[in-house]
Amino acid sequence: MSKQTMGPGDLLVRIGAVVFVVGAVGTIVTVMPLLLGTSPLPTPAYFVCMLMGVGLALALFGLLRAAMAQRASSEPSSS
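Keep in mind that what you see is a predicted model, and the values were worked out from it rather than measured.

## Structural notes on the overall build of the protein chain
Move 1: Assigned secondary structure in the protein chain consists of 3 helices and 0 strands.
Move 2: Moving toward the C terminus, one meets the helices and strands of the protein chain in the order α-α-α.
Move 3: A principal-axis box enclosing the C-alpha atoms of the protein chain has dimensions of 70 × 30 × 15 Å.
Move 4: Taken across its 79 residues, the protein chain has 16% of its residues classed as buried.
Move 5: Intrachain contacts of the protein chain at a sequence separation of at least 6 include 69% that bridge at least 24 residues.
Move 6: For the protein chain, the exposed surface amounts to about 6100 Å²; the carbon and sulfur share of it is 72%.

## So, a nonpolar patch on the surface
Move 1: A surface patch of nonpolar side chains, amounting to about 610 Å² of accessible area, comprises Phe20, Val21, Val25, Val29, Leu56, Leu60 and Leu63.
Move 2: Secondary-structure elements contributing two or more residues to the nonpolar patch are helix H1 (10-36) and helix H3 (51-74).
Move 3: If one sorts the elements of the nonpolar patch by residue count, H1 sits on top with 4 residues.
Move 4: By the element assignment, Val25 lies in helix H1.
Move 5: In this structure Val25 comes out as partly exposed when scored by relative accessible area, which is 47%.

## Re the environment of Gly9
Move 1: Mapped onto the secondary structure, Gly9 falls in the segment before H1.
Move 2: Residue class for Gly9 comes out buried when judged on its relative accessible area of 6%.
Move 3: Along the sequence, Gly9 and Leu51 sit 42 residues apart, while their C-alpha atoms lie 19 Å from each other.
Move 4: The contacts of Gly9, once residues within four sequence positions are left out, are Gly62 and Arg65.

## A few points about the confidence of the model for the protein chain
Move 1: Averaged over every residue, the pLDDT of the protein chain is 89; the share at 70 or more is 94%.
Move 2: Of all helices and strands in the protein chain, the one with the weakest mean pLDDT is helix H2 (residues 43-49) (91), whereas H1 scores best (94).

## With respect to H1
Move 1: Spanning 27 residues, H1 covers 39 Å between terminal C-alpha atoms, matching the ideal 39 Å at 1.5 Å per step.
Move 2: Of all the residues in H1, the buried ones are Leu12, Gly16, Val19, Gly23, Gly26, Thr30 and Pro33.
Move 3: Contacts made by the buried residues of H1 are with H2 and H3.

## Quick word on H3
Move 1: When the terminal C-alpha atoms of H3 are compared, their 35 Å separation across 24 residues agrees well with the 34 Å that a helix rising 1.5 Å per residue should span.
Move 2: Taken residue by residue, H3 has Gly55, Ala59 and Gly62 as its buried positions.
Move 3: Where H3 is buried, its residues touch H1.

Calculation rules
Residues numbered from 1 in each chain as written. Predicted model: local features only at pLDDT ≥ 70, side-chain atom pairs only at ≥ 80, totals over all residues. Heavy atoms only, no water. Helix = DSSP H or I, 4+ residues; strand = E, 2+ residues; numbered from the N terminus. Buried < 20%, exposed > 50% of the residue type's maximum accessible area, 1.4 Å probe, protein only. Contact = heavy atoms within 4.5 Å. Areas by Shrake-Rupley, 256 points an atom, 1.4 Å probe, with all protein chains shown as cover. Patch = residues over 30% accessible without salt bridge, like charges linked within 9 Å, V, L, I, M, F, W, Y side chains within 5 Å. Salt bridge = Lys/Arg side-chain N within 4 Å of Asp/Glu carboxyl O. pLDDT = per-residue confidence, 0-100. Expected span 1.5 Å × (residues − 1).

Next up, the structure:
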């Protein structure tokens, strides 16, 4: 593991990636009974699929935050 410090937004990107993967797995699990012809899962299982969008939004917000912090540090201070 590297000893590089985490910048602003890095934690949000990592959390967003994990939430997105959980939502993707939930989507696959939810669609499988429909493809196999078995009875569909209960409604709360479909809400897990929405985690894909939440994870994507978190990761994009983290990237935006990191980009804004990098831009602010590269701008010369006006005095």
